[in-house]
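Okay, here's what each chain looks like letter by letter:
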Amino acid sequence: MILPESQIRRFFRHIIMPEISGQGQKKLLESWVEVCGASIKEIMPLLYYLTAVGIGKISCNLINDFGLEKLANNLKDINPDVVVVNSSSQDTEATGNETFFKTSDGYGVKIIMGDRDFISERMQLQQEADSAQVSVIAAAIGPWQGLLHVSRIQESCDIDFMNLDDLIIARQKCLSSEGMVLSYCFMGALVSAEVVKICLKIGKTPNKPLFYDLLSMTFSREGNGDFNVCEDSKHIELLAKKLSDAKVLIVGVGGLGSPVAFALTSIGVGNIGLIDGDRVELTNLNRQILHSTSRIGMPKVESARQFLEELNPSVDIVTYYANLTKENAMDLINDYDVIVAGLDNLPSRYLLNDACFFAGKPLIEAGVLRFNGMGRTIVPKKGPCYRCIFPDMPSSGNIPSCLESGILGSVPGVMGFMQAVETVKIIGGIGKLLINQLLLFEALDMEFRVPSFRKDPRCPLCGKKPTITALQEYETICEQG
Ligand SMILES: [Zn+2]
């Protein structure tokens, strides 16, 4: 057997994909990364996803390593086979922790993540060290914005280092601690996907760096000159107060709900409701970062509450250990300002779409499959609903069982953090929402597309002559996850 039984179950959703398989997962568990950052605050989401997807050896090289020991214990509880070491005291010019990595047969990746000054300094050192033996990921972060550059070792062993002039410069009036945290979350999940691709030699890595702006949901590989999204500076100043007053309901605390709750708790959304009728299973742990090995069997909402209260004790977490049903949906939704869907089954999607429409509540939607994600924001009367694209629920015989589909753990991370960003924008009244657009993410190509779509006047729910005027019967086919 390639992997022990427990790892096969833990990484089941990876292993069933031919791009990864048991062989690939074994390779990931033998691979190592060195993460260079300023403090654990910035690299925490990245470390959770590196651990969840099963990168076996993680070395942390931090300017300030306060809290790393405790974080390493939490990570060990997600996957006991992942080793996290602290290499912070080492000379920053070292390109890796020699004693730690010498025995490793697997592939190595160096990640440099931080603000512009940090990246400039470390990339300079990296270039001087001329270490062609390692792929380098540079992740430059600004509030709401980021720039991801991957120097992947090709057969020639040449590394195309990033041009330091390409780095984003955070505009003064855009400064926002919330925007910074959300960018670290989003970037952390993106980087973890790139690490998997590099270690397994799968997918493509475009030469040009990827620039993103989360306020406008714009993605580009053509530089960042055209991004002018800071017209909201007044609103951004008021954001913290609005967030602490806000009430957000997260439906499903699995692959998507975990990153949503992680990000919203980190930035201090005051009241977070969690609903999920499932218990934590080993097969969840390749992607559901709120849960852990020691909490297997516990209701997911309780496991999530324990994680989130440790992350930020000032947030009020309310849990509902139940599935969303036709009977409880309206009462639950009416108590909250924004609803976030973390579902992977169609009946609940239709139920939540219809219930939010009748309650007049904004719904942030996303779905993930294999290496791809899709997301949108549904605001009743302002844009299309779920049924505008998919008017009727397919009959159960036509739906592939969601329990059998593979998911790279990083993908729900990227999409869930995107949902958290949309939630914050709705609460703050800032930025441009994905109301008449879909966000499509393809991890293998590291590509984002944002096609437009419109309200369908013939929609059975929100169209001119609706045929659905109350909640219907929604057949349950498979579980939330
Ligand atoms: Zn509609």
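Cut-offs used in this document
- Residues numbered from 1 in each chain as written.
- Predicted model: local features only at pLDDT ≥ 70, side-chain atom pairs only at ≥ 80, totals over all residues.
- Heavy atoms only, no water.
- Donors = N, O, S within 2.8 Å, 3.2 Å for Na, K, Ca; no water.
- Tetrahedral: all angles 85-135°; square planar, octahedral: opposite > 155°, others 65-115°.
- Helix = DSSP H or I, 4+ residues; strand = E, 2+ residues; numbered from the N terminus.
- Buried < 20%, exposed > 50% of the residue type's maximum accessible area, 1.4 Å probe, protein only.
- pLDDT = per-residue confidence, 0-100.
- Contact = heavy atoms within 4.5 Å.
- Core = buried A, V, L, I, M, F, W, Y, C linked by side-chain atoms within 4.5 Å.
- Domains from an automatic or database assignment.
- Expected span 1.5 Å × (residues − 1).
- Bend = angle between axes of the 7 residues up to and from the residue.

Engineer: Would you explain the coordination of the zinc ion in this entry?
Structural biologist: Angles between donor atoms at a metal ideally measure 109.5 degrees for a four-coordinate tetrahedral arrangement and either 90 or 180 degrees for a six-coordinate octahedral one. Surrounding the zinc ion are the protein donor atoms Cys385 (SG), Cys388 (SG), Cys459 (SG) and Cys462 (SG), which sit 2.3 Å from the metal. For the zinc ion, the four donor atoms in the first shell make angles of 93 to 123° at the metal, so the coordination geometry reads as tetrahedral. Along the chain, the residues donating to the zinc ion fall in the pattern C-x2-C-x70-C-x2-C. Here Cys388, found in helix 15 (residues 386-389), pairs with Cys459, found in the segment after strand 16 (447-449); they are 71 residues apart in sequence, far enough to count as distant. Relative accessible area serves as the criterion here: at 9%, Cys388 is assigned to the buried category. Judged by relative accessible area, Cys459 falls into the buried class, the value being 1%.

Engineer: Hey, could you run me through the confidence of the model for the chain in this one?
Structural biologist: Low pLDDT means the predicted coordinates in that region are not meant to be read closely. Per-residue confidence for the chain gives a mean pLDDT of 87, with 84% of residues at or over 70. In the model, residues 92-99 has pLDDT below 50 throughout and makes 16 contacts with residues more than four positions away in sequence or in other chains. Across residues 155-161, confidence stays below pLDDT 50; counting only partners more than four residues off in sequence or on other chains, it has 15 contacts.

Engineer: What's the story with the nonpolar core in this structure? I'm lost.
Structural biologist: Within soluble globular proteins, side chains that are nonpolar tend to cluster in buried spots. Core analysis: the biggest nonpolar cluster contains 105 residues, and Ile111 and Leu190 have the highest contact counts within it. If you tally residues by element for this core, the top one is helix 8 (residues 177-200), at 14 residues. Mapped onto the domain boundaries, this core takes at least three residues apiece from domain 1 (31-220) and domain 2 (233-449). By size, the runner-up hydrophobic cluster in this structure holds 28 residues, among which are Leu324, Ile333, Ala341 and Leu363.

Engineer: How do you make sense of helix 4 (residues 40-53) when you look at a structure like this?
Structural biologist: Three- or four-residue spacings in an α-helix give side chains the same orientation, since the helix completes a turn every 3.6 residues. The end-to-end C-alpha distance of helix 4, which contains 14 residues, comes to 19 Å, matching closely the 20 Å that a straight helix rising 1.5 Å per residue would cover. At Leu46, helix 4 is deflected by roughly 30°, the largest bend along its length. Across the 14 residues that make up helix 4, a large majority, 13, are buried. Phi turns positive one or two residues past the end of helix 4, at Gly54, with a value near 90°.

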